[in-house]
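Coordinate inspection notes
Okay, here's what each chain looks like letter by letter:
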Amino acid sequence: MNWAFTSSGHVTETSAVGLLRGMLEIPSSSYQERALADFLAEAMADLGFEAHIDTVGNVIGVIERGDGPTLMLLGHMDTVPGQVPVRSEDGKLYGRGAVDAKGPLAAMICAAAGAVDFPGRIVVIGVVEEETPCSRGAMAIRATHDRPDALIVGEPSGWSSVVIGYKGKLDLRYTVKCPATHPSNPEPKASELAVACWDALVELLGPEAGHGVFAQPGATLVQLNGDLTSATADLSVRTPPGFDVEKLVSELRDRLPAGRLEVLNSVAACRADRSNPAVRALVSGIRRLHAQPRLVVKTATSDMNTLAEVWDIPMATYGPGDSRLDHADTEHIVLSDYLRGIDVLSLAISELAALSAGSKEQVTDAPLAEGSLR
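As the structure is a prediction and not an experimental result, all values here were calculated from the model. (Residues numbered from 1 in each chain as written. Predicted model: local features only at pLDDT ≥ 70, side-chain atom pairs only at ≥ 80, totals over all residues. Heavy atoms only, no water.)

**A few points about the overall build of the protein**
This is how the line gets drawn: Where helices and strands are cited, they refer to DSSP runs of H or I of at least four residues and of E of at least two residues respectively, numbered from the N terminus. Note that the radius of gyration is over C-alpha atoms, with the globule rule given as 2.2 Å times the number of residues to the power 0.38. When accessible area is computed with a 1.4 Å probe and restricted to protein chains, residues below 20% of their type maximum are described as buried, those above 50% as exposed, and intermediate ones as partly exposed. Contact definition: two residues touch when any of their heavy atoms are within 4.5 Å. The Shrake-Rupley method, run with a 1.4 Å probe, gives the accessible areas here. Residue values count only the displayed protein chains as cover. When charges are tallied, Lys and Arg are placed among the positive residues and Asp and Glu among the negative ones, while His and the ends of the chain are skipped. One atom stands in for each charge, and that atom is NZ of Lys, CZ of Arg, CG of Asp or CD of Glu.
The secondary structure content of the protein amounts to nine helices and 17 strands. Whereas a compact globule of 374 residues would reach a radius of gyration of roughly 21 Å, the protein reaches 22 Å, a difference of no more than 12%. With the principal axes as the frame, the protein shows a C-alpha extent of 80 × 45 × 40 Å. The buried share of the protein, taken over its 374 residues, is 54%. Considering only contacts within the protein whose residues lie at least 6 apart along the sequence, 78% involve residues at least 24 apart. Surface exposure of the protein reaches about 16000 Å², of which carbon and sulfur atoms provide 48%. One way to put it: in the protein the 32 positive side-chain charges average out to a point 2 Å from where the 48 negative ones average out.

Now the structure itself:
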């Protein structure tokens, strides 16, 4: 596409919207991200990044502007399956991934490209397979990249909110086989044992468990297939900070009279310090656009969890878009919010330029809210 810049070196609104629309027009469900990665590598190169695609399919763009701090902006390219026709209507841009999470990633690319005065290194990454249990893209980044000085993860927070915490996730699979028998036989059948496994999990988590509260675990029966002789149940538990996963798995196994319980994936909850420099910079950017920022904790999981397991650095999650539209057939982003998101990120990047100086300046606390995501 033909890029246009303002006199100050920032990407114009027309080019920013064109980038996002181009991304939406390329389907990129999990495991099918390569076409979008190729598009973004070329777009970032045109915008002044040194861009490449790594061995797992992540697209990585780097801008070097001095020996100052390294800032990483990381979002995901993949979407859930299903198409939403790309169209503009009433100031909204529709398309699969407009909110989750091509909008936030596009905003990061535009903000980084326009950060002409940043004195260090900005790394913008579009990762693969965030919508899958194992987050292979983010796992590869944490294994192969040096720890940055600060990290912003791109997910829809709403342009005037910052996410500082996510629940963890425990994915389980229970499989059981039983001898063939008549339905009237009083011996438990495989399908009944699978249901009993779900009931035992709910009982272990207790009556306060649910997805509406950050401090409590919440369980989902993701899938149940079975008959009299064989059954499989996929279970998912969203876990709060400090939750004892090993104890839960051990106690659940003790309650199962037969079958096998597997841990498919486990990632811990994360919660950033609300006064860390990444949060402060985003809050400051929102305030400079004359809005009252909110700090949010989410009852789901993102790549922030994966990276927080190994990187003890200032981090936060931010991106334009209404997370209630994640995976929806009406998924869309309000274009004015998208453009405000770019402005907030641009202001945050400018403030994080001072990160190497170790500034400890505090900001007035923003209100904390709980929310859900996927």
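**Structural notes on the sheet that holds strand β12 (residues 260-267)**
Selection criterion: For two strands to pair, DSSP has to find at least two bridges joining them. With axes taken as lines fitted to C-alpha atoms, and helix axes fitted only over the stretch in contact, angles between N-to-C directions fall between 0 and 180 degrees.
Ordered by their spatial adjacency, four strands build an open sheet running β10-β11-β9-β12, and the pairing between neighbours is antiparallel. Of all the strands in the sheet, the pair left with one neighbour each is β10 (218-226) and β12. Each neighbouring strand pair of the sheet contributes to a mean axis angle of 15°, computed without reference to strand direction. In the sheet, strand β9 (residues 168-177) pairs with β12 via seven bridges, with the strands oriented antiparallel. By the bridge assignment for β12, Arg 173 is matched with Glu 262.

**Side note on the layout of surface pockets**
We apply this condition: Within this scheme a cavity is a closed region of a 1 Å grid, computed over the protein atoms alone, that accommodates a 1.4 Å probe without allowing it to escape, whereas a pocket is open but has protein on both sides within 12 Å along at least five of seven lines; lining residues each have an atom within 4 Å of a point. Grid points are joined across faces, edges and corners, and a volume is the space filled by probe spheres set on the points. Charged residues are taken to be Asp, Glu, Lys and Arg, nonpolar residues to be Ala, Val, Leu, Ile, Met, Phe, Trp, Tyr, Cys and Pro, and polar residues to be all remaining types, Gly included.
When its volume is computed, the largest pocket comes out at roughly 760 Å³. Around the largest pocket sit 34 residues that line it, and Pro 133, Lys 169, Asp 171, Ser 236 and Arg 238 are the ones nearest its centre. Elements represented by at least two residues in the lining of the largest pocket include exactly α4 (136-144), β9, β10, β11 (230-239) and β12. In terms of residue class, the lining of the largest pocket is made up of 11 nonpolar, 13 polar and 10 charged.

**Focus on the side chain of Glu 331**
Worth spelling out the cut-off: N or O atoms closer than or at 3.5 Å make up a polar contact, with two conditions inside protein: a donor-capable atom paired with an acceptor-capable one, and, for residues adjacent in sequence, both atoms drawn from side chains.
Looking at the element boundaries, Glu 331 is found in the loop between β15 (315-318) and β16 (332-334). Within the structure, the side chain of Glu 331 is placed 3.0 Å from the backbone nitrogen of Val 99, a separation counted as a polar contact. Those residues in contact with Glu 331, other than ones at most four positions away along the chain, are Val 84, Tyr 94, Gly 95, Arg 96, Gly 97, Ala 98, Val 99, Asp 100 and Leu 325.

**Some details on the packing of aromatic side chains**
Cut-off, in case you're wondering: Each Phe, Tyr or Trp ring, with Trp reduced to its six-membered ring, pairs with another whose centre is within 6.5 Å; inter-plane angles below 30 degrees give stacked pairs, above 60 give edge-to-face pairs, and intermediate values give tilted ones. Two limits define a charge over a ring: the Lys NZ or Arg CZ must be within 6 Å of the ring centre, and within 35 degrees of the ring normal.
Going through the model one piece at a time under the given rule, you end up with zero aromatic pairs. Positioned above the aromatic ring of Tyr 94 is the side chain of Arg 87, whose terminal nitrogen or guanidinium carbon lies 3.8 Å from the ring centre.

**Re helix α9 (residues 335-352)**
Applied cut-off: The span one expects for a helix is its residue count, reduced by one, times 1.5 Å.
Over its 18 residues, α9 extends 26 Å from the first C-alpha to the last, a length consistent with the 26 Å expected when each residue adds 1.5 Å. Inspection of α9 places Leu 335, Tyr 338, Leu 339, Gly 341, Ile 342, Val 344, Leu 345, Leu 347, Ala 348, Ile 349 and Leu 352 among the buried residues, and these make up the whole buried set.

**Brief notes about the packing of helix α1 (residues 13-24) against α9**
Threshold: For classification, angles of less than 35 degrees are called roughly parallel, those exceeding 145 degrees roughly antiparallel, those between 65 and 115 degrees roughly perpendicular, and all remaining angles oblique.
It is the contact of α1 with α9, at a shortest axis distance of 11 Å, that shows an interaxial angle of 110°. The angle between the axes of α1 and α9 places the two elements in the roughly perpendicular class. Here Glu 13, Ala 16, Val 17 and Leu 20 of α1 come into contact with α9, specifically with Leu 335, Tyr 338, Leu 339 and Ile 342. Counted by class, the contact of α1 with α9 contains seven nonpolar, no polar and one charged residues.

**Describing the sheet that holds strand β4 (residues 87-89)**
Here three strands make up an open sheet; going across it, the order is β4-β5-β16 and the pairing antiparallel. Looking at strand neighbours, the two that pair on one side only are β4 and β16, the edges of this open sheet. On average, each strand axis in the sheet is inclined to that of its neighbour by 20°, with strand direction left out of account. Two elements, β4 and strand β5 (residues 92-94), share three bridges in a ladder whose sense is antiparallel. Following the sheet pairing, Arg 87 is matched in β5 by Tyr 94. Seen against the sheet, α1 touches β4, β5 and β16 and runs at an angle of roughly 25° to β5. Packed on one face of the sheet, α9 meets β5 and β16 and runs near 70° to β16.

**So, helix α2 (residues 34-46)**
Taking 1.5 Å of rise per residue, 13 residues should cover 18 Å, and α2 covers 18 Å from first to last C-alpha, within 8% of that figure. Turning to α2, its buried residues number three or more, namely Leu 36, Ala 37, Leu 40, Ala 41, Ala 43 and Met 44. Of the surrounding elements, those touching the buried residues of α2 are α1, β1 (50-53), β2 (59-64), α3 (102-113) and β6 (121-127). The first or second residue beyond α2 is Gly 48, which carries a positive phi of 105°.

**Considering the packing of helix α7 (residues 277-288) against α9**
As a reminder, the rule being used: Left-handed is the label given to a crossing in which the near helix is rotated counterclockwise from the far helix by less than a right angle, and right-handed is the label when the rotation is clockwise.
At their nearest, the axes of α7 and α9 sit 8 Å apart, and the two run at 130° to each other. The angle between the axes of α7 and α9 places the two elements in the oblique class. Note on packing geometry: the crossing formed by α7 with α9 is right-handed. Between α7 and α9, the residues in contact are Pro 277, Ala 278, Arg 280, Ala 281, Leu 282, Ser 284, Gly 285, Ile 286 and Arg 288 and Val 344, Leu 345, Leu 347, Ala 348, Glu 351 and Leu 352, respectively. Class assignment of the residues belonging to the contact of α7 with α9 gives a composition of 10 nonpolar, two polar and three charged.

**What to know about the confidence of the model for the protein**
Going by this rule: A residue's pLDDT is simply how confident the predictor is in it, with values from 0 to 100.
A residue-level look at the protein finds 94% of positions with pLDDT of 70 or above and a mean pLDDT of 93. For residues 357-364, every residue scores under 50 in pLDDT, and the model assigns this stretch 10 contacts once sequence neighbours within four places are set aside.

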